[in-house]
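The residues making up each chain are set out below.
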Amino acid sequence: MIITVTLNAAIDKSLAVPNFRLGRRHRTVEQRTMAGGKGVNIARTLKALGQPVIATGFAGGATGTHIVEQLTEESILNDFVRIREESRTNTSVLDPTTGAQTEINERGPSVTAREVELFRDKLLYLARGAAIVVFAGSLPRGVEPDLYASLVHDLERSDVTSVVDTDGEPMRHAVRAEPDLVSPNVLEAEELVGHEFATDEERTLAMSEIGELGPREVIMTLPDGALAQVLVDGQRRLKRASIEPREPIAKRGSGDAFLAGYLAARYEGRPPDQCVRFGVACGAESTGRFGAGLIDAREARRLMGDVDLVDVEQTAEVS
Ligand SMILES: Nc1ncnc2c1ncn2[C@@H]1O[C@H](COP(=O)(O)OP(=O)(O)OP(=O)(O)O)[C@@H](O)[C@H]1O
Ligand SMILES: [Mg+2]
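What you see is a predicted model, and the numbers here were worked out from it, not measured in a lab. (Residues numbered from 1 in each chain as written. Chains lettered and ligands numbered in written order. Predicted model: local features only at pLDDT ≥ 70, side-chain atom pairs only at ≥ 80, totals over all residues.)

Re the sheet that holds strand 11 (residues 217-222)
Spatially, 5-4-1-8-9-10-11-12-13-14 is the arrangement adopted by the ten strands of the open sheet, whose pairing is mixed. Of all strands in the sheet, those bounded by a partner on one side alone are strand 5 (77-83) and strand 14 (308-312). Bridge analysis of strand 4 (residues 53-60) against strand 5 gives seven bridges, and the strand direction is parallel. By the bridge assignment for strand 5, Ala-55 is matched with Asn-78. (Pairing = 2+ DSSP bridges. Helix = DSSP H or I, 4+ residues; strand = E, 2+ residues; numbered from the N terminus.)

Some points on the environment of Asp-159
Structurally, Asp-159 can be placed in the loop between helix 4 (147-155) and strand 9 (161-165). Note on Asp-159: 8 C-beta atoms within 10 Å, which makes it exposed. With 27 residues separating them along the chain, Asp-159 and Ile-132 place their C-alpha atoms 8.8 Å apart. (Buried ≥ 20, exposed ≤ 12 C-beta atoms within 10 Å, placed from the backbone.)

Notes on the site of ligand 1
In the vicinity of ligand 1 there are 22 residues, among which Thr-221, Ser-254, Gly-255, Gly-283 and Ala-284 approach most closely. For the shell around ligand 1, the secondary structure elements donating two or more residues are strand 11, strand 12 (225-232), helix 8 (254-267) and helix 9 (272-286). Ranked by residues supplied to the shell around ligand 1, first place goes to helix 8 with four residues. Residues belonging to the shell around ligand 1 are distributed by class as follows: nine nonpolar, eight polar and five charged. (Near = placed C-beta within 6 Å. Nonpolar A, V, L, I, M, F, W, Y, C, P; charged D, E, K, R; others polar.)

A look at helix 9
The α-helix advances 3.6 residues per turn, and as a result positions three or four apart in sequence lie on the same side. Taking 1.5 Å of rise per residue, the 15 residues of helix 9 would be expected to cover 21 Å, and the 21 Å separating its terminal C-alpha atoms lies within 8% of that figure. The buried fraction of helix 9 is high, at 13 of 15 residues. (Expected span 1.5 Å × (residues − 1).)

Digging into the nonpolar core
Ranked by size, the top nonpolar core spans 90 residues in total, and within it Val-133, Val-134 and Ala-226 carry the most contacts. Residue contributions to this core peak at eight residues, all from helix 8. (Core = buried A, V, L, I, M, F, W, Y, C linked by C-beta atoms within 7 Å.)

If you want it as structure tokens, here you go:
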């Protein structure tokens, strides 16, 4: 079983509005409402890929009920802690004439210390039957920024593979808790090491820098693939995967699809190269769909053949 954790789950409302302009009144030509938040998106993709998954996290108020109902309707197993405050709704406006996407994310609920402890208990219980736990997305208000770090520590004693995909302060804490894998995008990786990357060499170097902060494996997703520092027979190896970028219909959530694909392959016990390839294929496939986490599993498998994978010489010694 794979557990996805979404502490700031949401209802994602996607609106297609041609010729969208600020300050004007518009009508949507297409709209879709889905349960969202990064962990939920990952759960949706894992389900589409045929992997056993349970989505957990916090859900509150009428929006929280809606999130749980939508997941249940999609046959995605879920077990959320109910909280007092209302879960958020995130709205994204896609202009099909320009491809521009505008997002407005609500601030979201504040979570109490007691609710956090209820969640901790639930997670440790669920993790007893799990091989992988993925923490993805932002933290809700009211919790300590080291919450992911402390949950990763809680899982340390079990055999569970811990994975973190978040940004900012929570990510800085999380890497130090030595999770099995972190998967920032370029921006999140720059934030983590504290400087921007101008060249391929700087990106390569950053992979070692992040690795030295604590995680066992690091994957940096790139708009055209990924840099992956993975363990092969206990040794750290750096791989560069690339795929011809496509004209995206909706880019949002491609990082989540990447991670779901990578973890699905890993759950099946595939070798690292194949896991990275499949992740990139899933990320690419998902950009062709309107709605985060949606994917055509067969098409993603076919796309694996289009992914180039090379070993990269590490420029810095890794301890
Ligand atoms: N236009 C594209 N064509 C093909 N593949 C793409 C495209 N955009 C993204 N991808 C793939 O999707 C994966 C994730 O991309 P990216 O780093 O942009 O994710 P992200 O910023 O974390 O996205 P999000 O947080 O919205 O899910 C990458 O492996 C990349 O190869
Ligand atoms: Mg991402």
